[in-house]
Amino acid sequence: MVPKKITTHSLQNMKANGEKISMITAYDFSFARLFDQAGIDVILVGDSASNVMAGHETTLPITLDQMIYHASSVIRGVSRSLVIVDLPFGSYQSNSKEALISAIRIMKETGAHGVKLEGGEEVMESVKRILAAGVPVMGHLGLTPQSIYKFGTYTVRAKEEMEAKKLKMDAALLEQAGCFGVVLEKIPALLAKEVAEATSIPVIGIGAGKYCDGQVLVMHDLLGINTEFKPRFLRQYLKLHEPITQAVQQYIKDVKSNDFPSEQEQY
Ligand code: KIV
């Protein structure tokens, strides 16, 4: 039986029915296929590719062309999950026309199902213009890594009353504009709860606590491929760096000792 495809409407229904939404990042065909077959609801082609795939310190350097390359690889591995792609830094901040052109490139050249961008009121004109073209948009508030040089650190956001108030207002604006969902990153759990209760659109948290309508994690963090990144919000479901290192060390040993390939492994 062909599994039922997840759409933005499925996510709205899941929220309405109290079913939590699972979301994970992916950047290539093979992992996207694994996650899709495992039953994940949403795959995010995050601009965190800049960190975990390209090794940059921030998400700022990744380009629209590079995001399109990752997203089109992911799409080829997916038959059921909803695939959302980050608009990278510099592809939507100048003006709404540029934002629309970038979103259209992503939709046309990758086959993805929607885009995500960071910010609230400041990017509202762009959000509306992309939505008016029929492209589903997801917001991203709280810790927005594309603004890291403005924040200065990756610490928890919106702990102060004024920032919390702006975040709530931005979430309401994104909902009114017609966004199908919003990611809340690294904010107090009770603030995320307030937002999730006040809005009808799904609120997906990362470091935003248990009251969100769903959760998202970066695949390399969840699978324990990186050893250095261990924030409090992260649950590592595997420690893949260990078996991968051991397997490659064994391979090196076998090659050096001429144990690999054996007679059975040659033609
Ligand atoms: O780029 C990304 O991986 C993200 C998630 C952290 C939500 O935006």
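For the structure itself, look to the data block above.
I will try to describe carefully the structure that is included in this document.

What counts as what
- Residues numbered from 1 in each chain as written.
- Predicted model: local features only at pLDDT ≥ 70, side-chain atom pairs only at ≥ 80, totals over all residues.
- Heavy atoms only, no water.
- Helix = DSSP H or I, 4+ residues; strand = E, 2+ residues; numbered from the N terminus.
- Rg over C-alpha atoms; globule rule 2.2 N^0.38 Å.
- Buried < 20%, exposed > 50% of the residue type's maximum accessible area, 1.4 Å probe, protein only.
- Contact = heavy atoms within 4.5 Å.
- Areas by Shrake-Rupley, 256 points an atom, 1.4 Å probe, with all protein chains shown as cover.
- Lys, Arg positive; Asp, Glu negative; His and termini not counted.
- Charge placed at Lys NZ, Arg CZ, Asp CG, Glu CD.
- Phe/Tyr/Trp six-rings, centres within 6.5 Å; stacked < 30°, edge-to-face > 60°.
- Lys NZ or Arg CZ within 6 Å of the ring centre and 35° of its normal.
- Expected span 1.5 Å × (residues − 1).
- Patch = residues over 30% accessible without salt bridge, like charges linked within 9 Å, V, L, I, M, F, W, Y side chains within 5 Å.
- Salt bridge = Lys/Arg side-chain N within 4 Å of Asp/Glu carboxyl O.
- Axes fitted to C-alpha atoms, helices over the stretch in contact; angles between N-to-C directions.
- Parallel < 35°, antiparallel > 145°, perpendicular 65-115°, else oblique.
- Left-handed = near helix turned anticlockwise from the far one by under 90°.
- Nonpolar A, V, L, I, M, F, W, Y, C, P; charged D, E, K, R; others polar.
- Pairing = 2+ DSSP bridges.

## Considering the overall build of the protein
For the protein, the count of helices and strands is 11 helices and eight strands. Scaling as 2.2 N^0.38, a compact globule of 267 residues should have a C-alpha radius of gyration of about 18 Å, and the protein matches this with 20 Å. Principal-axis analysis of the C-alpha atoms places the extent of the protein at approximately 65 × 40 × 40 Å. Per-residue burial over the protein gives 49% buried out of 267 residues. Taking the contacts inside the protein whose residues are at least 6 apart along the sequence as the reference set, 58% of them involve residues at least 24 apart. Roughly 14,200 Å² of accessible area belongs to the protein as shown, and the carbon and sulfur atoms make up 55% of that amount. Computed over 28 positive and 30 negative side-chain charges, the inter-centroid distance for the protein is 4 Å.

## Remarks on the packing of aromatic side chains
Within a pair of aromatic rings, the relevant descriptors are the distance that separates the centres and the angle that separates the planes. Under the counting rule described, the total for this entry stands at three aromatic pairs. Judged by centre distance (6.4 Å) and plane angle (70°), the ring pair of F229 and F233 falls under edge-to-face. Taking relative accessible area as the criterion, F233 reaches 26% and is therefore assigned partly exposed. Centre to centre, the rings of Y251 and F260 are 6.0 Å apart; their planes meet at 65°, and the pair counts as edge-to-face. Above the plane of the ring of Y211 lies K193, whose end atom (NZ or CZ) is 5.4 Å from the centre.

## Considering helix α4 (residues 64–76)
Because each turn of an α-helix spans 3.6 residues, side chains separated by three or four positions in sequence point in the same direction. Taking 1.5 Å as the rise per residue, α4 with 13 residues should run 18 Å; its terminal C-alpha atoms sit 18 Å apart, in good agreement. Among all positions in α4, only L64, M67, I68, H70, A71, S72, S73, V74 and I75 are buried. Structurally, α4 contributes buried residues whose contacts are with α2 (29–38), β2 (42–45), α3 (49–52), β3 (82–86) and α5 (96–110).

## As for a nonpolar patch on the surface
A contiguous nonpolar patch, built from I244, V248, Y251, I252, V255 and F260 and spanning about 520 Å² of accessible area, is present on the exposed surface. Among the structural elements, V248 can be located in helix α11 (residues 241–256). Classification of V248 as partly exposed rests on a relative accessible area of 42%.

## Focus on the side chain of S48
Position of S48 among the secondary structure elements: in the loop between β2 and α3. Discounting residues that sit within four places of it in the chain, S48 has contacts with T25, Y27, M53, T59 and V218.

## Focus: the environment of R33
In this structure, R33 sits in helix α2. With relative accessibility at 39%, the residue R33 sits in the partly exposed group. Taking the C-alpha atoms as reference, R33 lies 16 Å from K4; in sequence the two are 29 residues apart.

## Concerning the packing of helix α6 (residues 124–132) against helix α8 (residues 161–177)
As a packed pair, α6 and α8 sit with axes 10 Å apart at the nearest point and diverge in direction by 25°. Between α6 and α8, the interaxial angle falls into the category roughly parallel. Considering how the two elements wind past one another, α6 and α8 form a crossing that is right-handed. For the pair α6 and α8, the contacting residues are M124, V127, K128 and L131 in the first and L173, L174 and A177 in the second. Partitioning the contact of α6 with α8 into residue classes produces six nonpolar, no polar and one charged.

## Topic: the sheet that holds strand β6 (residues 181–185)
What the eight strands build is a closed barrel, ordered β1-β2-β3-β4-β5-β6-β7-β8; its pairing is parallel. Within this sheet the neighbouring strands show an average axis-to-axis angle of 25°, counted without direction. Alignment of strand β4 (residues 114–116) against strand β5 (residues 137–142), held across two bridges, turns out to be parallel. By the bridge assignment for β5, K116 is matched with M138.

From the geometry alone we can't say anything about function, so treat these as descriptive.
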